[in-house]
Amino acid sequence: MSYNLLKGKKGIIFGALDENSIAWKTALRVHEEGGQFVLTNAPIAMRMGNIKDLAEKTGSEIIPADATSVDDLDNLVDKAMEILGGKLDFVLHSIGMSVNVRKGNHYTEMNYDYTTKGWDVSAVSFHKTMQSLYKKDAMNEWGSIMALSYIAAQKVFPDYNDMADNKAYLESIARSFGYFFGKEKKVRVNTISQSPTPTTAGQGVKGFDGFIAYADEMSPLGNATGMDCANYIITLFSDLTKRVTLQNLFNDGGFSNMGVSQQVMEAFVKGKEN
Ligand code: NAI
């Protein structure tokens, strides 16, 4: 259902790779709500995914950018304003990648070149994006900038590996830059901490199937889906949430405040008996 919540609003959406991507679902919902945007992803992802289908469906243009490259980001922001005909109202950073996770390196056996690459892609890219937007004065007042996080930033999930540290870094950047964006430009900056979601990035985490089933049984409302996340993002891009900023907002069916649930306890006891 559409409420026209984003009518007349313009922005940039990073990270739509395929139909499962949270950014993909968000792009479809933003389009439905009347928003216009430019899609962007790393040049290599253009060849792997099918972002062109999404661009056609939503009447948007694609501007490739490696989110670790300041030059690419500067070009992206300039081009987006040119194409959309003015300053921006929303930006979604939906990017994450750990080389240590990809290569199967245990947390206690890290390759630090990979660690550096991982935090650059997953966290510092958010700072670089905001710095480019800030310097170019590219955001309209009461605009909204969002990134996506995971609860491993606060609590231990051993198989999440160095992505846990990357998410802690990302959330901190949201608060720190959010202060300046709020003070100087009246723009809000938040992160959504999302339930485990079956996407390319999600499924890269070791033991993901167990992970997602456990979270689902722990959460009184069950796991939030990618579409639930897209809908939450719409509210945070809309004028209904103008003074929500510097927050890490849990979209997780209640998981983050649970100790244990009846189902998880029963499964545990059953496992012990067998
Ligand atoms: P996805 O794999 O569909 O999206 C990740 C995107 O990051 C891809 O489009 C990829 O091309 C892009 N990317 C990687 N390196 C890049 C670079 N150098 N420059 C530009 N883009 C680059 O997976 P998903 O799950 O939609 O991920 C979106 C965000 O949601 C990520 O920040 C992820 O950590 C976060 N998240 C995902 C959860 C899950 O279980 N899937 C749970 C909580 C947060």
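The preceding data block contains the structure.
Residues numbered from 1 in each chain as written. Predicted model: local features only at pLDDT ≥ 70, side-chain atom pairs only at ≥ 80, totals over all residues. Heavy atoms only, no water.

Caption draft 1: Examining the nonpolar core more closely. Formed by 33 residues in total, the largest nonpolar core has its most connected members in L88, F126, L133, I145 and F181. Looking at this core, the element that brings in the most residues is helix α4 (residues 70–84), giving 6 residues. Among all residues touching F126, those that are not within four sequence positions of it are H93, I145, M146, A147, L170, I173, A174 and V189. Counting residues in hydrophobic clusters, the runner-up holds 24 residues, among them L6, A23, W24 and I234. (Core = buried A, V, L, I, M, F, W, Y, C linked by side-chain atoms within 4.5 Å. Buried < 20%, exposed > 50% of the residue type's maximum accessible area, 1.4 Å probe, protein only. Helix = DSSP H or I, 4+ residues; strand = E, 2+ residues; numbered from the N terminus. Contact = heavy atoms within 4.5 Å.)

Caption draft 2: Structural context of the site of the ligand. Around the ligand sit 27 residues, and of these S21, N41, K167, T197 and T199 come closest. The separation between an oxygen atom of the ligand and a polar main-chain atom of G15 is 2.9 Å. In this structure, an oxygen atom belonging to the ligand sits 3.0 Å away from a main-chain N or O atom of A201. When the ligand sits alone it has 830 Å² of accessible area, and the protein chains cover 92% of it. Spatially, the ligand is embedded in the largest pocket. When residues of the shell around the ligand are traced back to their parent elements, those giving at least two are β5 (139–149) and α8 (200–203). A per-element tally of the shell around the ligand places α8 first, with 3 residues. (Near = heavy atom within 4 Å. Polar contact = N/O pair within 3.5 Å; in protein donor to acceptor, adjacent residues only side chain to side chain. Areas by Shrake-Rupley, 256 points an atom, 1.4 Å probe, with all protein chains shown as cover. 1 Å grid on protein atoms, 1.4 Å probe; cavity = no way out; pocket = protein on both sides within 12 Å on 5 of 7 lines; lining within 4 Å. Sits in = over half its atoms within 2 Å of the grid points.)

Caption draft 3: Structural view of the side chain of K185. By secondary structure assignment, the location of K185 is in helix α7 (residues 163–185). Overall, the relative accessible area of 16% leaves K185 in the buried class. If sequence neighbours within four positions are ignored, K185 has contacts with Y134, D137, N140, E141, W142 and F180.

Caption draft 4: Region of the structure containing the layout of surface pockets. By volume, the largest pocket is sized at about 1,200 Å³. Along its surface, the largest pocket is lined by 43 residues, and S94, I95, G96, M97 and A201 are the ones closest to its centre. The set of elements that each furnish at least two residues to the lining of the largest pocket consists of α2 (43–48), α5 (99–103), α6 (112–135), β5, α7, α8 and α9 (208–218). Size it by volume and the second largest pocket reaches roughly 190 Å³. As for the second largest pocket, its lining consists of V101, G104, N105, H106, Y107, P158, D159, N161, G204 and K206. Within the lining of the second largest pocket, the residues separate by chemical class into 3 nonpolar, 5 polar and 2 charged. (Points joined across faces, edges and corners; volume = space filled by probe spheres on them. Nonpolar A, V, L, I, M, F, W, Y, C, P; charged D, E, K, R; others polar.)

Function cannot be read off these values alone, since they describe shape.
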